[in-house]
Amino acid sequence: PDGHKAEDQAEGTNVAKYFDRGWCATENAWASLTKSGDLSLDLALMRDGVEYDCRSLIVDCTQDGGRRPPLLPSAFAAELETKSFTNGKEDYPLVKQLYEDAFKEQFGKAT
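Model, not experiment: these values are computed from the prediction.

**Details of the packing of aromatic side chains**
A ring pair, where both rings are aromatic, is described by two values, the distance of the centres and the angle of the planes.
Phase 1 of the analysis: Per the stated rule, a full pass over the model turns up four aromatic pairs.
Phase 2 of the analysis: Relative to phenylalanine 103, the ring of tyrosine 99 has its centre 6.4 Å away and its plane inclined at 35 degrees; by these criteria the two rings are tilted. You can see tyrosine 99 and its partner phenylalanine 103 sitting in helix H4 (residues 92-107), four residues apart, about one turn around the helix. In terms of burial, tyrosine 99 and phenylalanine 103 fall into one category: buried.
Phase 3 of the analysis: Pairwise contacts between aromatic rings join Phe76, Tyr99, Phe103 and Phe107 into one cluster.

Dropping the structure here:
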């Protein structure tokens, strides 16, 4: 996390940036399947000394103009290969399958 030196963290701690972490990126991708873009905020974009109300928080902290479109499972799997996991790549097959299942559930509803 910001403000914490990687070398001061316990052994095995995932010190990658938030969206470079496997589970964090997955949770963000899951949110893109169902959530409105203004519900996906990057609070690291908050500015010091600014007093926020709901609307100004959304304006300042919406990620890159809003959520990105949902990824196809194959595109998600390729992107996931670039992410780090605390448990190494052991979580990769599980996360890949969970995303594929969530994608099929959400888009299986479309007619």
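**Some words on the environment of lysine 17**
Phase 1 of the analysis: With respect to the helices, strands and loops of the structure, lysine 17 is situated in the segment before helix H1 (22-34).
Phase 2 of the analysis: Residues lysine 17 and serine 84 lie 67 residues apart in sequence; the distance between their C-alpha atoms is 9.5 Å.

**Quick notes on the environment of cysteine 61**
Phase 1 of the analysis: Position of cysteine 61 among the secondary structure elements: in helix H2 (residues 54-61).
Phase 2 of the analysis: What makes cysteine 61 buried here is its relative accessible area of 0%.
Phase 3 of the analysis: C-alpha of cysteine 61 to C-alpha of methionine 46: the two residues are 15 residues apart in sequence and 6.4 Å apart in space.
Phase 4 of the analysis: For cysteine 61, the residues in contact, after removing those within four places along its chain, are Ser40, Leu41, Asp42, Leu43, Leu45 and Met46.

**A word on the pattern of salt bridges**
Phase 1 of the analysis: Counted according to the given criterion, the structure contains two salt bridges.
Phase 2 of the analysis: The salt bridge involving arginine 47 is made with aspartate 60; its shortest N-O contact spans 2.5 Å. Residue arginine 47 is found in the loop between H1 and H2, and its partner aspartate 60 is found in helix H2; the two are separated by 13 residues along the sequence.
Phase 3 of the analysis: The exposure class of aspartate 60 is partly exposed, given its relative accessible area of 22%.

Calculation notes
- Residues numbered from 1 in each chain as written.
- Predicted model: local features only at pLDDT ≥ 70, side-chain atom pairs only at ≥ 80, totals over all residues.
- Heavy atoms only, no water.
- Phe/Tyr/Trp six-rings, centres within 6.5 Å; stacked < 30°, edge-to-face > 60°.
- Helix = DSSP H or I, 4+ residues; strand = E, 2+ residues; numbered from the N terminus.
- Buried < 20%, exposed > 50% of the residue type's maximum accessible area, 1.4 Å probe, protein only.
- Contact = heavy atoms within 4.5 Å.
- Salt bridge = Lys/Arg side-chain N within 4 Å of Asp/Glu carboxyl O.

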